[in-house]
Amino acid sequence: NCTSLTSVIIPDSVTQIAESVFSGCIALTSVKIPVSVTSILQYSFRDCSALTSVIIPASVTQMDFQIFFGFYIFIYIFTEIIIKINKFLRLPIVLN
C-alpha cells in the first residue's frame, strides 16, 4: 500500500521501472529517475493523480503504453521538450 508515499528517488542500480510499480500511489508528487534507467513499463504510474511532473533522463529509450494512465501530466524530457500525455494514450513511446 503506497497511498501515503509522496516522493521517490530511484537508486542508480535500477535499470527498469517495473510494470505497475507505483500504480495507485495517489499522494506521489515527484519522482527522480536516474540515468541508469533505460525503460519504463506499462502502468508504472497508473492513477498517481498527484504526480505533476517527471524528469526523464536521456538514458530512457523506451516508455511503454499507458505508463501514466488515469490522469494528465507534463513530462519533461532531457531536451526540455514538453510532451503532454493524456489518459487516452494507448501507443508506446520510443525516445531517440
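Residues numbered from 1 in each chain as written. Predicted model: local features only at pLDDT ≥ 70, side-chain atom pairs only at ≥ 80, totals over all residues. Heavy atoms only, no water.

## Quick word on the overall build of the protein
Secondary structure summary: the protein contains 0 helices and 9 strands in total. Counting from the amino terminus, helix and strand elements in the protein follow one another as β-β-β-β-β-β-β-β-β. Here the protein, with 96 residues, has 39% of them falling under the buried criterion. Sequence separation of at least 24 residues holds for 24% of the intrachain contacts in the protein that already meet a minimum separation of 6. For the protein, the exposed surface amounts to about 5400 Å²; the carbon and sulfur share of it is 58%. (Helix = DSSP H or I, 4+ residues; strand = E, 2+ residues; numbered from the N terminus. Buried < 20%, exposed > 50% of the residue type's maximum accessible area, 1.4 Å probe, protein only. Contact = heavy atoms within 4.5 Å. Areas by Shrake-Rupley, 256 points an atom, 1.4 Å probe, with all protein chains shown as cover.)

## A look at the side chain of Gln66
Of note, Gln66 is situated in the loop between β6 (62-63) and β7 (73-77). With relative accessibility at 8%, the residue Gln66 sits in the buried group. A distance of 2.5 Å separates the side chain of Gln66 from the side chain of Tyr43, its partner in a polar contact. (Polar contact = N/O pair within 3.5 Å; in protein donor to acceptor, adjacent residues only side chain to side chain.)

## Observations regarding the state of the cysteines
Covalently bonding the sulfur atom of one cysteine to the sulfur atom of another cysteine gives a disulfide. Within this structure, the stated rule accounts for 1 disulfide. No disulfide involves Cys48; its sulfur sits 5.1 Å from the nearest other cysteine sulfur, which is in Cys25. (Disulfide = S-S within 2.5 Å.)

## Overview of the packing of aromatic side chains
Scanning all chains against the criterion turns up 2 aromatic pairs. Taking 5.4 Å as the distance between ring centres and 10 degrees as the angle between the ring planes, the aromatic pair formed by Phe22 and Phe45 counts as stacked. Here Phe22 is found in the loop between β2 (16-17) and β3 (30-32), whereas its partner Phe45 is found in the loop between β4 (39-40) and β5 (53-56), with 23 residues between them in sequence. Considered together, Phe22 and Phe45 belong to a single accessibility category, that of buried residues. Sitting over the ring of Tyr43, Arg46 keeps its end group 4.8 Å from the ring centre. (Phe/Tyr/Trp six-rings, centres within 6.5 Å; stacked < 30°, edge-to-face > 60°. Lys NZ or Arg CZ within 6 Å of the ring centre and 35° of its normal.)

## Focus on the pattern of salt bridges
Using the criterion set out here, one finds 1 salt bridge in the structure. Across the pair Asp47 and Arg46 runs a salt bridge, and its minimum N-O distance is 3.7 Å. Judged by its relative accessible area of 27%, Arg46 is partly exposed. (Salt bridge = Lys/Arg side-chain N within 4 Å of Asp/Glu carboxyl O.)

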